[in-house]
Amino acid sequence: ASLVGALDARIDGLAQLQRADGLFDMGNFDSPPDSAFVLKTLARAQWFLTQDAAPATDAVRAKLKSLILATTEGVRTGGVHTPNHRWAVCSALAQVQQLSPNPAYIARIDEWLAEGLDINAEGEWSERSPNYTAHVNNPSILEVSVLLQRPALLDAVRRSLESSLYYVEPNGEFETV
C-alpha cells in the first residue's frame, strides 16, 4: 500500500509522454521498438500486480492496463529500425498477450517470426553485438518461446549462447570488434 502513490505518479508521468498513437515521446519520436522496451517492463509490472491482486492496487492496475493497451497498439502496428527490434516488439506483445489476450498480437508476432530469425548456423545474430545479443535478442526470443509455448525458438538462443563462449577473453572480457 505504501507504493501505490509512487506507482500512480509514475503511470501519470508516462501517460504525459504518450502520443496519440500510443507510443512514448522519449527523444526518439514515434519509435515502436523504443516504446516496446518500456511496454515489456510495464506488462511485467502489471502481471505481478495482478498476481498479487491487492485491493489497494485496484485503481493503479486499471490505470496501468489502460496505458499498456494504448501503447500496445502503437507497438503492434508500427515498424522497426533494426532486425533486433523485431524481437523486442515480439517479446512485448507476448508479455501483453499474457494480460489481455488478443489474436492481433499473435498475428503480429507470427508476421515477424515468418521473416525468420536473423541468426546464422554458428549462432551469431546479424547485428553481431554482444550488447544486443545479451539484452535484446536472446532474452526476447526466450520470452516469446516460454510465454507462447514455442520451444523450437530455443534452438537459436542455445546456438547464440554456445557461440558467445568463443568471444570471451581469458580475463573474462567480451570481444566486441
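Relevant structure appears above.
Since the model is a prediction, treat every value here as computed from it, not as a measurement. (Residues numbered from 1 in each chain as written. Predicted model: local features only at pLDDT ≥ 70, side-chain atom pairs only at ≥ 80, totals over all residues. Heavy atoms only, no water.)

Engineer: Which residues make up the pattern of salt bridges, and what are the values?
Structural biologist: Taken as a whole, this structure holds 13 salt bridges when the rule is applied. Across the pair Asp58 and Arg61 runs a salt bridge whose closest N-O atoms are separated by 2.4 Å. With Asp58 and Arg61 both in helix α3 (residues 58-77) and three residues apart, this pair spans about one turn of that helix. Given a relative accessible area of 15%, Arg61 falls into the buried group. Its salt-bridge partner being Arg76, residue Glu73 comes within 2.8 Å of it at the nearest N-O pair. Separated by three residues within a single helix, Glu73 and Arg76 lie in helix α3, roughly one turn from each other. Note on Glu73: relative accessible area 31%, which makes it partly exposed. (Salt bridge = Lys/Arg side-chain N within 4 Å of Asp/Glu carboxyl O. Helix = DSSP H or I, 4+ residues; strand = E, 2+ residues; numbered from the N terminus. Buried < 20%, exposed > 50% of the residue type's maximum accessible area, 1.4 Å probe, protein only.)

Engineer: Break down the packing of aromatic side chains for me, with residues and values.
Structural biologist: In this description, a pair of aromatic rings is defined by centroid distance and the angle of the planes. In total, this model carries two aromatic pairs according to the counting rule given. With centroids separated by 5.1 Å and ring planes inclined at 80°, the aromatic side chains of Trp47 and Phe48 adopt a geometry described as edge-to-face. The exposure class assigned to Phe48 is exposed, which follows from its relative accessible area of 54%. An angle of 35° between the planes, with centres 6.4 Å apart, marks the rings of Tyr167 and Phe174 as tilted. Owing to a relative accessible area of 30%, Tyr167 belongs among the partly exposed residues under this scheme. Given the relative accessible area of 36%, Phe174 is considered partly exposed. (Phe/Tyr/Trp six-rings, centres within 6.5 Å; stacked < 30°, edge-to-face > 60°.)

Engineer: For the nonpolar core, give the residues involved together with the corresponding values.
Structural biologist: Counting residues in hydrophobic clusters, the biggest one holds 34 residues, and the most contacted among them are Leu42, Leu64, Leu67, Trp87, Ile109 and Val144. Looking at this core, the elements that each hand over two or more residues are α1 (4-17), α2 (32-52), α3, α4 (83-99), α5 (103-114), α6 (130-147) and α7 (154-164). Considering every element that reaches this core, the biggest residue donor is α4, with seven residues. The contact partners of Leu64, leaving out residues within four places of it in the chain, are Ile11, Leu42, Gln46 and Leu49. (Core = buried A, V, L, I, M, F, W, Y, C linked by side-chain atoms within 4.5 Å. Contact = heavy atoms within 4.5 Å.)

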